[in-house]
Amino acid sequence: MLYRPFGKLDWQVSALGFGAMRLPTNENDEINEAEARRMLFYAIDHGVNYVDTAYPYHHGTSETFLGRALKGEYRQKVKLATKLPSWEVHTAADFDRLLNIQLQRLQADYVDFYLLHALNKDSWRKLRDLGVLEWAERAIAQGRFRYLGFSFHDDYETFREIVDAYDWTMCQIQYNYMDVEEQAGRRGLHYAASKGLAVVIMEPLLGGKLVNPPPAVQAVWNRAARKRSAVAWALHWLWNQPQVSVVLSGMSTLGQVQENVALAEESTVSLLTEAELALYDEARQAYHALTAIP
């Protein structure tokens, strides 16, 4: 596994992070715990050291699963991130109430990274006005989590407002070679990194939409001198950028974990040639040409 700087922290993060949002499920839509454990342990055994979950994932059972799975030595091998569900907050008392539930689910005294989940203009201002930053400082002092961050879904101007409001450790943004101008986008990536934030990438495959490209897009990749899978093209585009700290993947099968770990083991900044980088612009245009309404 290759590792990358994590913002201002004196810690190196694995290029690939394990997202616990799309774990394998059974016919009752419950987490297939045996298979999910195999996936999680394979990733950690191969050097993945960042695990991401959140309050609502798998109808609230993702945190509970990780609480059972990350016992003993495995918990010591990873940094664990979970998120405050901003839509569940109505009064300042909800900050403690929700964190207490999450720590109980995770069977943990603390989490490493606590994120304000899915911030947009309205949810950010609601949490801010309820005193979330002051509450977070107290929770950090009490040892209930170590670092504060946020995940984000809104426009670039709102992103800058949030970044500038606090000395965050990290942020999590939706970013891939199709979402260069959407939401925080490339400008947000560079702005956050310039402020010393670690930048965690979510939706690197655009919810799986970039995995099986249509013929017009595949024709672009076929022209490359070095052949790669569509997944490899998408992930290496992110890892090619030094501002990216870690790429989260919400993997659903052991095969996906194995493929992504193998790709992460060859990930480096500036791996892609200028000719290869030009292909991404063509692939993006080919996708847009197939979509009348984004």
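Residues numbered from 1 in each chain as written. Predicted model: local features only at pLDDT ≥ 70, side-chain atom pairs only at ≥ 80, totals over all residues. Heavy atoms only, no water.

## Observations regarding the packing of helix 11 (residues 230-239) against helix 12 (residues 254-264)
Packed helices, taken two at a time, are described by the angle their axes make and the gap between the axes.
Piece 1. Axis separation between helix 11 and helix 12 bottoms out at 10 Å; the angle between their running directions is 40 degrees. Classified by the angle between their axes, helix 11 and helix 12 sit oblique to one another. Remark: the crossing between helix 11 and helix 12 carries right-handed chirality. Listed contacts from helix 12 to Val231, Ala232, Leu235, His236 and Trp239 of helix 11 are Glu259, Asn260, Leu263 and Ala264.
Piece 2. Its residues assigned to classes, the contact of helix 11 with helix 12 comprises six nonpolar, two polar and one charged. (Axes fitted to C-alpha atoms, helices over the stretch in contact; angles between N-to-C directions. Helix = DSSP H or I, 4+ residues; strand = E, 2+ residues; numbered from the N terminus. Parallel < 35°, antiparallel > 145°, perpendicular 65-115°, else oblique. Left-handed = near helix turned anticlockwise from the far one by under 90°. Contact = heavy atoms within 4.5 Å. Nonpolar A, V, L, I, M, F, W, Y, C, P; charged D, E, K, R; others polar.)

## Quick notes on helix 3 (residues 62-69)
Piece 1. Judged by how many residues are buried, helix 3 sits mostly within the fold: six of eight residues are covered.
Piece 2. What helix 3 keeps buried is the set Ser62, Glu63, Phe65, Leu66, Gly67 and Ala69.
Piece 3. On its buried side, helix 3 packs onto helix 1 (33-45), strand 4 (50-52), helix 2 (57-60), strand 5 (79-84) and helix 5 (93-106). (Buried < 20%, exposed > 50% of the residue type's maximum accessible area, 1.4 Å probe, protein only.)

## Quick notes on the sheet that holds strand 9 (residues 198-202)
Piece 1. The sheet built from eight strands closes into a barrel, its strands ordered 3-4-5-6-7-8-9-10 with parallel pairing. With strand direction ignored, the average angle separating the axes of adjacent strands in the sheet is 30 degrees.
Piece 2. In this structure, strand 3 (residues 16-19) lies alongside strand 10 (residues 246-249), joined through three bridges in parallel fashion. Residue Gly17 lies in a different strand from strand 10, and its bridge partner there is Leu248. (Pairing = 2+ DSSP bridges.)

## Some words on the layout of surface pockets
Piece 1. Of the pockets and cavities examined, the largest pocket occupies roughly 550 Å³.
Piece 2. Arg22, Glu203, Gly207, Ser249 and Gly250 are the residues nearest the centre of the largest pocket, which is lined by 28 residues in total.
Piece 3. Within the residue set of the lining of the largest pocket, elements represented by two or more residues are strand 6 (111-119), strand 10 and helix 12.
Piece 4. It is helix 12 that contributes the most residues to the lining of the largest pocket, three residues altogether.
Piece 5. Within the lining of the largest pocket, the residues separate by chemical class into 11 nonpolar, 12 polar and five charged. (1 Å grid on protein atoms, 1.4 Å probe; cavity = no way out; pocket = protein on both sides within 12 Å on 5 of 7 lines; lining within 4 Å. Points joined across faces, edges and corners; volume = space filled by probe spheres on them.)

## Let's talk about the packing of aromatic side chains
Piece 1. Evaluation of the coordinates by the stated rule reveals 23 aromatic pairs.
Piece 2. Summarising the aromatic geometry, the rings of Phe6 and Tyr50 are spaced 6.0 Å apart at their centres and angled 40 degrees between planes, so their arrangement reads as tilted. Linking Phe6 in strand 1 (residues 3-6) with Tyr50 in strand 4, this pair joins segments that are 44 residues apart in sequence. Of the two residues, Phe6 and Tyr50, both sit in the buried class. (Phe/Tyr/Trp six-rings, centres within 6.5 Å; stacked < 30°, edge-to-face > 60°.)

## Here's the deal with unusual backbone geometry
Piece 1. In the Ramachandran plot, Asp29 falls in the positive-phi region, its phi being about 65 degrees despite a non-glycine side chain.
Piece 2. Mapped onto the secondary structure, Asp29 falls in the loop between strand 3 and helix 1.
Piece 3. The phi torsion at His59 lies on the positive side, around 55 degrees, for a residue other than glycine.
Piece 4. Among the structural elements, His59 can be located in helix 2.
Piece 5. Residue His59 is classed as exposed on the basis of its relative accessible area, which comes to 67%.

Distances and angles like these do not, on their own, reveal function.
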